[in-house]
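# Descriptive analysis of the structure
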Amino acid sequence: MVKVLICDDQDFAREGLQLILETDPELQVVGVAQDGADAIEKVDQLQPDLVLMDLKMPGINGIQATQAIHDKHPEIFVLVLTTYDGDAWVFDAIRSGASGYLLKDSPRDRLIAAIKETVQGKTHVDPGVAGKLLTHIAHTRVATDTTLAKSLSDREKDVLKLLAHGLTNTEIAQQLYLSEGTVKNYVSSLFTKLDVADRTQAAVKALRYGLVNLNDL
């Protein structure tokens, strides 16, 4: 059971999200908060597994609340759910410790899946903001993770480079003169080694840890 705290300054949004999440027997809404200060206080009281966090709120906003929660309770995940996809909002949320960033028009199934997979350590970034985040990370990546790099075969690195560039399995197969089934197997292996759930997460991690060079893109 995943315990969720919902934080949003709009009554109808909190109520709607609660109704949506309670349709899944594996999720439990343990509380709701109306702003960042309320969320910080209720995290202390309720100890949820994950906070579903709005950003633009009066007083302490979602960015500030995310930072405070992450600093005090690093084991508690914060998943941003907002209408804002501006660069500053996205980057500030991730820098403040958010584990993912979804827009409020996300389908119900994507939202529920994102919550469950976030508490498993996966990173969810809405497709609408993924491009901005990838570009930002590409310019601010840390040193190459040599252990992770050594775990990848040369062919896996080739596939990862093209995947990070946004190519489909069919396009990768054409570029590398491989069958589409073989590429699918390489992609599956990459997901396992990188500990990610999808292509966006793989591209983010590849750029973040220097597995793909900026000159390759």
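Residues numbered from 1 in each chain as written. Predicted model: local features only at pLDDT ≥ 70, side-chain atom pairs only at ≥ 80, totals over all residues. Heavy atoms only, no water.

The protein chain carries the name Response regulator transcription factor in an unreviewed UniProt entry, which gives Phototrophicus methaneseepsis as its organism.

Let us look at the overall build of the protein chain. On a plain count of helices and strands, the protein chain comes out with eleven helices and six strands. For the protein chain, the residues scored as buried account for 45% of the 217 residues in total. Of all intrachain contacts in the protein chain linking residues separated by at least 6 positions in sequence, the fraction that spans at least 24 positions is 66%. (Helix = DSSP H or I, 4+ residues; strand = E, 2+ residues; numbered from the N terminus. Buried < 20%, exposed > 50% of the residue type's maximum accessible area, 1.4 Å probe, protein only. Contact = heavy atoms within 4.5 Å.)

A word on helix H5 (residues 108-118). Along H5, the residues classified as buried are Leu-111, Ile-112, Ala-114, Ile-115 and Thr-118. Looking straight down H5, one finds that the buried residues subtend no more than 160 degrees of arc, so they occupy a single side. (Arc of directions from axis to C-beta.)

Here we come to the nonpolar core. Leu-160, Ile-172, Leu-194, Ala-202 and Leu-211 are the most contacted members of the largest nonpolar core, which totals 24 residues. Counting residues in hydrophobic clusters, the runner-up holds 16 residues, among them Leu-21, Leu-52, Leu-102 and Ile-115. (Core = buried A, V, L, I, M, F, W, Y, C linked by side-chain atoms within 4.5 Å.)

On to the pattern of salt bridges, then. Evaluation of the coordinates by the stated rule reveals ten salt bridges. A salt bridge links Asp-11 to Arg-14, with the nearest nitrogen and oxygen atoms 2.3 Å apart. Of this pair, Asp-11 and Arg-14 both sit in helix H1 (residues 11-21), separated by three residues, roughly a single helical turn. Classification of Arg-14 as buried rests on a relative accessible area of 12%. Linking Asp-158 and Arg-155 is a salt bridge whose minimum nitrogen-to-oxygen distance equals 3.6 Å. With a gap of three residues between them, Asp-158 and Arg-155 both fall in helix H8 (residues 154-164), about one helical turn apart. Since its relative accessible area comes to 30%, Arg-155 is described here as partly exposed. Among the charged side chains, a network of salt bridges with common partners joins Asp-8, Asp-54 and Lys-104. (Salt bridge = Lys/Arg side-chain N within 4 Å of Asp/Glu carboxyl O.)

Consider a sheet: its strands pair through backbone hydrogen bonds, and that pairing is either parallel or antiparallel. Strand order across the open sheet formed by six strands is E2-E1-E3-E4-E5-E6, with parallel pairing between neighbours. At either end of the open sheet lies a strand with only one pairing partner, and these are strand E2 (27-33) and strand E6 (124-125). Against the sheet, H1 makes contact with strand E1 (2-7), E2, strand E3 (50-53) and strand E4 (77-82), and its axis sits at roughly 170 degrees relative to E2, the strand it touches most. (Pairing = 2+ DSSP bridges. Axes fitted to C-alpha atoms, helices over the stretch in contact; angles between N-to-C directions.)

Time to look at the environment of Glu-15. With respect to the secondary-structure elements, Glu-15 resides in helix H1. Remark: the alpha-carbon pair of Glu-15 and Val-32, spanning 17 residues in sequence, is separated by 8.9 Å.

This part is about the pairing of strand E5 (residues 100-103). Judged by which residues are buried, E5 turns out to be covered on both faces: Gly-100 and Leu-102 on one side and Tyr-101 and Leu-103 on the other are all buried. Note that E4 and E5 share four bridges and pair parallel. Looking at E5, one finds that Val-80 is bridged to Tyr-101. Summarising the sheet, E5 and E6 pair through two bridges and their orientation is parallel.

Let's shift gears to the packing of H1 against H5. The description of two helices packed together rests on the angle between their axes and the distance between the axes. Contact geometry of H1 with H5 gives a least axis separation of 11 Å together with a crossing angle of 75 degrees. Relative to H5, H1 is oriented roughly perpendicular. Where H1 abuts H5, its residues Leu-17, Ile-20 and Leu-21 lie against Arg-108, Leu-111, Ile-112 and Ile-115. Taken together, the residues of the contact of H1 with H5 break down into six nonpolar, no polar and one charged. (Parallel < 35°, antiparallel > 145°, perpendicular 65-115°, else oblique. Nonpolar A, V, L, I, M, F, W, Y, C, P; charged D, E, K, R; others polar.)

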